[in-house]
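Listed below, chain by chain, are the residues.
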Amino acid sequence: MKPFHPAIPERSSPRSKTALLWALAALLLVAVVTVAIHKAWPLLNPTLVEVAPLDASCDLRAGPCDARFANGGVVRFAIEPQSIPVVTPLRLAVETTGLDVRAVEIDFAGVDMNMGYNRAALEPVAPGVYRGQGTLPVCVRARMDWEARVLIHAVEGILAAPFRFTTVRD
């Protein structure tokens, strides 16, 4: 007759512990990335209350342009130097009329090419007047079409005024 031995629990191998730790680390990383995307999404893609109609006749190289909202509010936008060079600090100016503005930002986006996150916050310098600086990144194309979206943070939400222009690299 065989002697009776109580069952001895198997100890897990070092490999299974390492695999479990890697799996837990991967799950933690996925959770952190998910939370980061969830928190950053509204900053990168703000919900807009209204987008003003695009004025195709606007030429920012000739001078400031206006955009009008349905409530009668007006946004005037200007860029200097008017040649709008890339990789050079640009002076940005926004004047608002008929809007209760809390903050102003300019979001530069390529019309037909993703150029990444290019947003500049403007500072109030007088009632309804905002100024700041921004820089357009260099593009592989010699000619690039851009849209500058003036984002007006107002009491009712975010209003956007689009302005289109072209840059030409020498």
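Per chain, residue numbering runs from 1 following the sequence as it is written. pLDDT decides what is reported in this predicted model: residues at 70 or higher carry local features, side-chain atom pairs at 80 or more are listed and counted, and totals for whole chains, interfaces and linings draw on all residues regardless. To obtain the side-chain values, all non-hydrogen atoms of the structure were used and water was disregarded.

Asker: For unusual backbone geometry, give the residues involved together with the corresponding values.
Answerer: Backbone geometry follows two general trends: most residues other than glycine have a negative phi, and most peptide bonds adopt the trans configuration. Between Glu-80 and Pro-81 the backbone carries a cis peptide bond, its omega angle lying at -5°. By the criteria applied, helices consist of DSSP H or I runs no shorter than four residues and strands consist of E runs no shorter than two, each listed in order from the N terminus. Tracing the backbone shows Pro-81 in the loop between β3 (74–80) and β4 (90–97). We note that Ile-84 has phi near 50°; this positive angle belongs to a residue other than glycine. Among the secondary structure elements, Ile-84 is positioned in the loop between β3 and β4. Judged by relative accessible area, which is 1%, Ile-84 ranks as buried. With a 1.4 Å probe rolled over the protein chains alone, any residue whose accessible area is under 20% of its type maximum counts as buried; one over 50% counts as exposed, and the rest are partly exposed.

Asker: Could you give an account of the packing of aromatic side chains, naming the residues involved and the relevant values?
Answerer: Whether two aromatic rings pair depends on their centres lying within 6.5 Å, for rings of Phe, Tyr and Trp, where Trp uses its six-membered ring; planes under 30 degrees apart make the pair stacked, over 60 edge-to-face, and the rest tilted. Taken as a whole, this structure holds 2 aromatic pairs when the rule is applied. Ring centres 5.3 Å apart and planes at 40° place the aromatic pair Phe-77 and Phe-163 in the tilted group. One end of the pair, Phe-77, is in strand β3; the other, Phe-163, is in strand β9 (residues 157–168), and 86 residues separate them in sequence. Exposure class is identical for Phe-77 and Phe-163. Each is buried. With 6.2 Å between their ring centres and 85° between their planes, Phe-108 and Phe-165 make a pair best called edge-to-face. Linking Phe-108 in strand β5 (residues 101–110) with Phe-165 in strand β9, this pair joins segments that are 57 residues apart in sequence. Each member of the pair, Phe-108 as well as Phe-165, is classed as buried.

Asker: Explain the environment of Leu-136 residue by residue, including any values.
Answerer: Its location among the elements puts Leu-136 in the loop between β7 (129–134) and β8 (143–154). Taking the C-alpha atoms as reference points, Leu-136 and Ala-109, 27 residues apart in sequence, are found 9.2 Å from one another. Here a residue-residue contact requires only that any non-hydrogen atoms of the pair lie within 4.5 Å. Aside from chain neighbours lying at most four places away, what touches Leu-136 is Ile-84, Pro-85, Val-86, Val-87, Leu-90, Phe-108, Trp-146, Phe-165 and Thr-167.

Asker: Residues and numbers for a nonpolar patch on the surface, please.
Answerer: Nonpolar side chains (Val, Leu, Ile, Met, Phe, Trp, Tyr) within 5 Å and like charges within 9 Å form the patches, drawn only from residues with over 30% relative accessible area and no salt bridge. Here, Shrake-Rupley sampling with a 1.4 Å probe gives the accessible areas, and only protein chains in the shown set may cover a residue. Any Lys or Arg side-chain nitrogen located within 4 Å of an Asp or Glu carboxyl oxygen qualifies as a salt bridge. On the surface, Leu-20, Leu-21, Leu-24 and Leu-27 cluster together into a nonpolar patch covering about 440 Å² of accessible area. By the element assignment, Leu-24 lies in helix α1 (residues 14–44).

Asker: Run through empty space enclosed by the protein, naming residues and quoting values.
Answerer: In the cavity and pocket records, a cavity denotes points on a 1 Å grid over the protein atoms alone where a 1.4 Å probe fits but cannot get out, a pocket denotes an open set with protein on both sides within 12 Å along at least 5 of 7 lines, and lining residues are residues with an atom within 4 Å of a point. Grid points are joined across faces, edges and corners, and a volume is the space filled by probe spheres set on the points. For the coordinates displayed, the defined rule picks out 1 cavity of 30 Å³ or more. Looking at the largest cavity, its volume works out to about 60 Å³. Taken together, Val-86, Pro-137, Val-138, Cys-139, Arg-141, Ala-142, Met-144, Trp-146, Thr-167, Val-168 and Arg-169 form the lining of the largest cavity. Secondary structure elements with two or more residues in the lining of the largest cavity: β8 and β9.

Asker: Go over the state of the cysteines, please, and point to the residues and values.
Answerer: Any two cysteine sulfur atoms within 2.5 Å of one another count as a disulfide. Applying the stated rule across the entire model yields 1 disulfide. Sulfur-sulfur distance for the disulfide between Cys-58 and Cys-65 comes to 2.1 Å. Residues Cys-58 and Cys-65 are joined through a disulfide that is right-handed, its torsion about the S-S bond being 95°.

Asker: Quick one: what's the story with the pattern of salt bridges, residue by residue and with numbers?
Answerer: Using the criterion set out here, one finds 6 salt bridges in the structure. Among the ionic pairs, Arg-91 bridges to Glu-80, the shortest N-O distance being 3.4 Å. Separated by 11 residues along the polypeptide, Arg-91 in strand β4 and Glu-80 in strand β3 bring together distant segments of the chain. Arg-91 sits in the partly exposed class, given a relative accessible area of 46%. Residues Asp-107 and Arg-119 are paired through a salt bridge, measuring 3.6 Å at the closest nitrogen-oxygen approach. Here Asp-107 is found in strand β5, whereas its partner Arg-119 is found in strand β6 (residues 119–126), with 12 residues between them in sequence. According to the relative accessible area criterion, Arg-119 is buried, its value standing at 18%. When salt bridges with common partners are traced through the structure, they connect Glu-147, Arg-149 and Arg-164 into a single cluster.

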